[in-house]
Amino acid sequence: MATNVATAGGEAQLTNLVNYTLVKLHVAMGLIFFIIVGLMGFLYSLQLDGIYPFPGIEFLSAGRVRMIHTAGAAYGFLVNMFTGLLYWAVPRFTGYKVFNEKYLGGFMFIGLQAAVLITVVAILFLGMADNVEWGETPWWLDPIIVAWLLLHGIQFGAPILKASQKAPLYVTGWYISAMLVWTPLVVFMGNFIPRFWSAGSGAGAVQSTFIHDLVGLYVTPVAWGLMYYFVPVIMKKPMWSHGLSLLGFWGLAFFYPLNGVHHFLWSPIPMFAQYSAVFATVAIEFAVTSVLINFMMTLRGSAEVLKYNVPLRYMYTGAIFYWITCFQCAFHVTLTFQKVIHFTDWVTGHAHLIMFGTFGMWVLGMAEYVWPRLFGKETMYSKGMSEGAYWLLTIGVIAMFVDLTAAGLVQGFDWIGLNPWIDSVNFSKPFWYFRSVAGIMMLTGLFMYAMNFYKTAVAGKGLEAQLRESA
Amino acid sequence: MGKMERFPFIVLVAGLLFFLFADFVSWALPIYVLKDIPMKKVSDLSAEAKAKNTSAWADFEWIARNYSEQFKKYYGDVNEESFAKALKVGHRWYVAEGCWNCHSQMVRPVSNETLRFGIQGVSNTVSYPSEFQNELQAPVLWGTKRVGPDLIREAAVHNIDWQVAHLYNPESTSPGSNMPRYPWYFEKDEKGNIVPNERGIGLLTYIMWLGSWEIKPTKEWALK
């Protein structure tokens, strides 16, 4: 625990601990990729609307663009953003620098961007994709990604290990330590076992475990770890309950990896695996609720901060979306609900609420907190752009979620009703048009957010906080 | 309690122990349960199609007859090797185009799916493990989203004529369809006709192979 740096003169020490360049580079690239994958998603939605602007062009075929949307969101956007924010948070809560900033840090940065660009070229131009959802990277690139993740483990594992030898770790440390072990294992498992050591239903079981584990054992632990760091720092008070933090972490660690097979219910995977996945999924919602209670009780008495502090508002908005997603999941994971909603846009809405609404909002909030500090400023360039982006993103993602959920019900019942297939397409069209409009809102919000970032970075001196905003 | 907050304990218990337990339940045990189903290579699938003279084999011969120039150029003669090659090429591009993002390959035992995706009396079975236990389902192509219909019984639903026209321009056979056109799977022959190229022949063979194992006896016979 970083008791040594919390004393007087700590700020100078903290500054030396963090390599600002690496944070800046990763966060900036993450934001650029966020916009790119958002545009890709929007393009794909135009195909569903029947107004695709590039018909008949091979490398811009909607099916390929869709894979860039998902793979890019994972590796381009989330990994970049998370890595950048870890470069900020890990040294500050452990009190130690990362393993090696200049060589390993630089190499990891270039390696990650290269991996993403190779994926884009391979999928769009070479027709080399892998039919593992969220593992669309061509299979020959996956060993490189695993190697990158092992380096990532050394980079952030070193300071955590050092801190752990002195005193028990803070919550963030638990999540990050476990994630550093899980992620390379998950990526290896999901990309190699279905291809080389199994097929069919067995491969399906591995793939579903992979889809869920990449969310549950990479994205979720990093995101919650960072939340446990940033929320108390911004509010300047500790988490409400240490016991609930423990419960949340160990609940996640035990139940999350068991959830995967719920992606293929009613499939030829043996039923015991399907039942255990349903059971574990319902169980994990209790762990999630305990985490949410902890965060909400931490907010108690300080809720006014949300009015002025946009980063914190992003984080709590995301937390509420997280709980909605998980609550929804406890129901739609059951075999009964799956009869209707499996294969429909309901699932797409669910995925967007968790990936954009929760993890997207969280990293945007955290990045907005970190960004001015990286440039020696106290606030973002424009409060108006900050607020505008927040509301556009929030309303946009809620609109998309509600719209796709409704579309999913329409599609599901239409299919059960044995109407001609084209009916379900025609009935979905209004929902798909509306989804594109929601996408435009979200993209506008992202552009506004990015413009604010750019202006903050290049602004001269003078971005000083009002007393109220620094609450 | 203090131990639970230390790096080694977290890494060993949460990172490895829980993870391995979950993987054991989620997929290692299912793979073990399914281990006696023989794993087929593409060459086995091809030999099976020829031996049983399935509809996929008949459709392959149809392609060779109708697009003889292109077929000769890219695949040579109709035999097990060329069929296996066409399946591989087709599967590769089916994956590369992201077909599996909008078309599933799994008929579930619920929601009237056996009625929708099969032909009564010819093929109305639920998806079962052994039909996926082959090289072309590694990784498996079940998919997670349907914009278009399921394809695992496609051989029983549309004939090859329909598939050719649909792949070139989906709206020609399915008015209102929002599937993209795939003109790069076609080329012009000497007379200026638009015919499938190497990838096109592969993709058509692959699509017409999907579910062909369910059609007994062969389609021509059934239709008469």
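Predicted model only: the values in this text are computed from it and were never measured. (Residues numbered from 1 in each chain as written. Chains lettered and ligands numbered in written order. Predicted model: local features only at pLDDT ≥ 70, side-chain atom pairs only at ≥ 80, totals over all residues.)

(A) Looking closely at the overall build of chain B. Secondary structure assignment for chain B yields 10 helices and two strands. The N-to-C order of helical and strand elements in chain B reads α-α-α-α-α-α-α-α-β-β-α-α. In terms of overall dimensions, chain B has a C-alpha envelope of 80 × 35 × 35 Å along the principal axes. Across the 224 residues of chain B, 51% fall into the buried class. (Helix = DSSP H or I, 4+ residues; strand = E, 2+ residues; numbered from the N terminus. Buried ≥ 20, exposed ≤ 12 C-beta atoms within 10 Å, placed from the backbone.)

(B) Looking closely at the overall build of chain A. Assigned secondary structure in chain A consists of 15 helices and zero strands. Out of the 471 residues belonging to chain A, those deemed buried represent 56%. Across chain A, every contact between residues at least 6 apart in sequence was considered, and the portion connecting residues at least 24 apart equals 83%. (Contact = placed C-beta atoms within 7 Å.)

(C) Examining the environment of histidine 69 of chain A more closely. Residues and elements named next belong to chain A. With respect to the helices and strands, histidine 69 occurs in helix H3 (residues 62–94). Looking at histidine 69, the number of C-beta atoms within 10 Å reads 21, which means it is buried. As for histidine 69 and isoleucine 36, which are separated by 33 residues in sequence, their C-alpha atoms are 8.2 Å apart. Discounting residues that sit within four places of it in the chain, histidine 69 has contacts with Val37, Met40, Gly41 and Tyr44.

(D) Here's a closer look at the domain arrangement of chain B. Considered domain by domain, chain B is made up of domain 1 (2–33) and domain 2 (42–223). The straight-line distance from the C-alpha centre of domain 1 of chain B to that of domain 2 of chain B is 41 Å. (Domains from an automatic or database assignment.)

(E) Representation of the interface of chain A and chain B in the model. On the side of chain B, 66 residues touch chain A, which itself brings 73 residues to the contact. Partitioning the side of chain A that touches chain B into residue classes produces 44 nonpolar, 22 polar and seven charged. (Nonpolar A, V, L, I, M, F, W, Y, C, P; charged D, E, K, R; others polar.)

(F) Quick look at the environment of proline 232 of chain A. Residue and element names in this part refer to chain A. Its place among the elements puts proline 232 in helix H7 (residues 200–235). Sequence-wise, proline 232 and glutamine 338 are 106 residues apart; in three dimensions their C-alpha atoms are separated by 39 Å. Excluding anything up to four places from it in sequence, proline 232 contacts Lys237, Pro238 and Met239.

(G) Quick peek at the confidence of the model for chain A. Summing up the model confidence of chain A, the mean pLDDT is 91 and the portion of residues at 70 or higher is 94%. Throughout residues 1–9 of chain A the model reports pLDDT below 50, and contacts reaching past four residues in sequence, or to other chains, amount to 11 contacts. (pLDDT = per-residue confidence, 0-100.)

(H) Broad picture of H3 of chain A. Residue and element names in this part refer to chain A. Between its terminal C-alpha atoms H3 stretches 45 Å, which fits the 48 Å expected from 33 residues at 1.5 Å a residue. At glycine 72, H3 is deflected by roughly 50°, the largest bend along its length. Judged by how many residues are buried, H3 sits mostly within the fold: 33 of 33 residues are covered. Within two residues after H3, glycine 95 carries a phi angle of roughly 85°, on the positive side. (Expected span 1.5 Å × (residues − 1). Bend = angle between axes of the 7 residues up to and from the residue.)

(I) The arrangement of unusual backbone geometry in detail. For the bond running from alanine 138 of chain B to proline 139 of chain B, omega is -5°, close enough to zero to count as cis. Tracing the backbone shows proline 139 of chain B in the loop between helix H6 (113–117) and helix H7 (160–168). The phi angle at tryptophan 134 of chain A is positive, at roughly 70°, despite the residue not being glycine. Within the secondary structure, tryptophan 134 of chain A is located in the loop between helix H4 (101–124) and helix H5 (142–166). Residue tryptophan 134 of chain A is classed as buried on the basis of its C-beta count, with 22 C-beta atoms lying within 10 Å. The residue serine 111 of chain B is not glycine, and still its phi comes out positive at about 55°. Counting through the fold element by element, serine 111 of chain B comes out in the loop between helix H5 (80–96) and H6. With 21 C-beta atoms packed within 10 Å, serine 111 of chain B lands in the buried category.

(J) Region of interest: the nonpolar core. Ranked by internal contacts, the top residues of the largest apolar core, which has 217 residues, are Leu85, Val222 and Ala367 of chain A. Per element, the largest residue contribution to this core is 20 residues, and it comes from H3 of chain A. Formed jointly, this core draws a minimum of three residues from each of two domains, domain 1 (2–33) and domain 2 (42–223) of chain B. When residues no more than four places from it in sequence are discounted, the contact partners of valine 222 of chain A are Phe82, Leu86, Tyr175, Ile176 and Met179 of chain A. (Core = buried A, V, L, I, M, F, W, Y, C linked by C-beta atoms within 7 Å.)

(K) How the structure looks around H5 of chain A. The end-to-end C-alpha distance of H5 of chain A is 36 Å, a good match for the 36 Å that 25 residues give at a rise of 1.5 Å each. Along H5 of chain A, the helix axis deviates most sharply at glycine 157 of chain A, where the bend reaches about 40°; the proline proline 159 of chain A sits within four residues downstream.

(L) Up close: the packing of helix H9 (residues 271–299) of chain A against helix H11 (residues 310–332) of chain A. All names here are of chain A. One way to put it is that H9 packs onto H11 with a least axis distance of 9 Å and a crossing angle of 155°. The pairing of H9 with H11 is recorded here as roughly antiparallel in orientation. In the crossing of H9 with H11, the sense of the turn from one axis to the other is left-handed. Residue-level inspection shows Thr281, Val282, Glu285, Val288, Leu292, Phe295 and Leu299 of H9 in contact with H11, the latter providing Tyr316, Ala319, Trp323, Cys326, Phe327, Cys329 and Ala330. Classifying every residue of the contact of H9 with H11 by side-chain character gives 12 nonpolar, one polar and one charged. (Axes fitted to C-alpha atoms, helices over the stretch in contact; angles between N-to-C directions. Parallel < 35°, antiparallel > 145°, perpendicular 65-115°, else oblique. Left-handed = near helix turned anticlockwise from the far one by under 90°.)

(M) View of the packing of helix H13 (residues 345–374) of chain A against helix H14 (residues 383–416) of chain A. Residue and element names in this part refer to chain A. Put simply, H13 and H14 touch, their axes get as near as 7 Å, and they point 165° apart. Taken as axis vectors, H13 and H14 run roughly antiparallel relative to one another. Regarding H13 and H14, the two cross each other, and that crossing is left-handed. Facing H13, whose interface residues are Asp345, Trp346, Val347, Thr348, Gly349, His352, Leu353, Phe356, Gly357, Met361 and Glu368, H14 presents Ser386, Leu393, Val397, Met400, Phe401, Leu404, Thr405, Ala407, Gly408, Leu409 and Gln411.

(N) Spotlight on the confidence of the model for chain B. Looking at chain B as a whole, its pLDDT mean stands at 89, while 93% of the residues score no less than 70. Complex prediction metrics read pTM 0.92 and ipTM 0.91.

(O) Fine view of the environment of leucine 151 of chain B. Residue and element names in this part refer to chain B. Checked against the element boundaries, leucine 151 lands in the loop between H6 and H7. Through-space distance from the C-alpha of leucine 151 to that of glutamate 187 is 25 Å; in sequence the pair is 36 residues apart. Once residues lying within four places of it in the same chain are set aside, the contact partners of leucine 151 are His103, Gln105, Ile207 and Leu210.

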